[in-house]
Amino acid sequence: MRIRPKGDTGIVEGDLTPMIDMTFQLIAFFMLVINFSDAEQDQRVRLPASELAKPPAAPYEQPLTIHLTKNDHFIYAGQELTELARLKSELLKETQILLRHTSKKLDEVTVIIRADQDAKVGLVQEIMQACQELKFEKFALRGKQSEIRTIGGS
Amino acid sequence: MIDIVFQLLVFFVFTFKIVLPEGDFNIRMPSASVSRTSLPSEIPLLRVRLRATPTGELARVQLGDVTLDGEAPFAQLHGKIRGMIGDAAGPGSTEQEVEIEADYNLKYQYAMNAITAITGYLDDNGEQHKLVERVRFSPLPDAP
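None of the values given here were measured: they were computed from a predicted structure.

Caption draft 1: Spatial organisation of the overall build of chain B. What chain B contains, in helices and strands, is four helices and eight strands. Taken from N to C terminus, the helices and strands of chain B fall in the order α-β-α-β-β-β-α-β-α-β-β-β. Buried positions account for 29% of the 144 residues belonging to chain B. Here the contacts in chain B between residues at least 6 apart in sequence split such that 62% fall between residues at least 24 apart.

Encoded structure:
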């Protein structure tokens, strides 16, 4: 008569070790690549490419970010605005908040302009002019980094 | 422990966002009234004109009165600016100022190309060298 081992109950348990290893590796990956920066990006805007567009050495203090789509719409503080006059009024509100609650002068505040590559240059200039009227002076024209030479030639 | 590990994994997956690398060109442009009162610089202002077709494409590039024709007008513009500044891979000019006068309906990519051509270049090692640091747009003409 054949004697069965005592501990064999017939239940087969899978080995979870490889799965847990994989999970830990995934967590390690996400922890390394996670980005908590509050960089304002908008998928509606395709930035123009430039090989010289490098991230700023230090983050700007309380910057204002204005997006311009190729349909001539402005995006500011999460709102899509179709008229420049509305953007001006929103910027005016922002300047009042800045002046009331911070000690910064408006000419020290950086205005980041994220304009679509197919947007009109004239509209970018109109945004800058509207900001200048409110005493902003510093502008950061944003582009996407390019590995290839964008100005042509060799 | 496995439950918590999975919860962590789910948290990281949901908070993960792809941030594309972006960079800035910094320009300082005081309002017209302030800039008019500033003292005139000894170095003459260089003016780059970007003319557009009715569809917003680039029609031609001018540096001063010289029209830059050919295949790569921005590369030519870059060559001329580099010849004027004479950088020899050293620091850029802090005095020279360039004003870009672009047609209203020109696509922004071309203005960015002009700024790239004017402000600097990357050498073979990928190191950035500056040419002209002071770039501004010309004021918009008054509305008709």
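From this point on, the discussion continues.
Caption draft 2: Structural detail: the interface of chain B and chain A. With 48 residues of chain B at the contact, the number on the chain A side is 48 residues. Within the residue set of the side of chain B that touches chain A, elements represented by two or more residues are helix H1 (2-15), strand E1 (22-28), helix H3 (73-85), helix H4 (108-119) and strand E6 (120-122) of chain B. Here the side of chain B that touches chain A takes nine residues from H4(B), the largest share from any one element. For the side of chain B that touches chain A, the per-class residue count stands at 29 nonpolar, 13 polar and six charged. The pairing of strand E6 (residues 138-145) of chain A with E1(B) spans seven bridges and is antiparallel. Residue pairing in the sheet places Lys144(A) in a bridge with Glu22(B) of E1(B).

Rules and cut-offs
Per chain, the residues get numbers from 1 upward, laid out in the order the sequence is written. Chains and ligands are labelled by the order in which they are written, letters from A for the one and numbers from 1 for the other. Where local features are concerned, this predicted model is filtered to residues with pLDDT of at least 70; where side-chain atom pairs are given and counted, the filter is 80 or more; whole-chain, interface and lining totals use all residues. Helix numbers and strand numbers start at the N terminus; a helix is a DSSP run of H or I with at least 4 residues, a strand a run of E with at least 2. Here exposure depends only on C-beta density: within 10 Å of a residue's C-beta, 20 or more other C-beta atoms make it buried, 12 or fewer make it exposed, and intermediate numbers make it partly exposed, the C-beta atoms being placed from the backbone. Contact between two residues is assigned when their C-beta atoms, built from the backbone, lie within 7 Å. By the convention adopted, Pro, Cys, Tyr, Trp, Phe, Met, Ile, Leu, Val and Ala count as nonpolar, Lys, Arg, Asp and Glu as charged, and the other residues, Gly among them, as polar. Strand pairing is assigned whenever DSSP identifies at least 2 bridges connecting the two strands.

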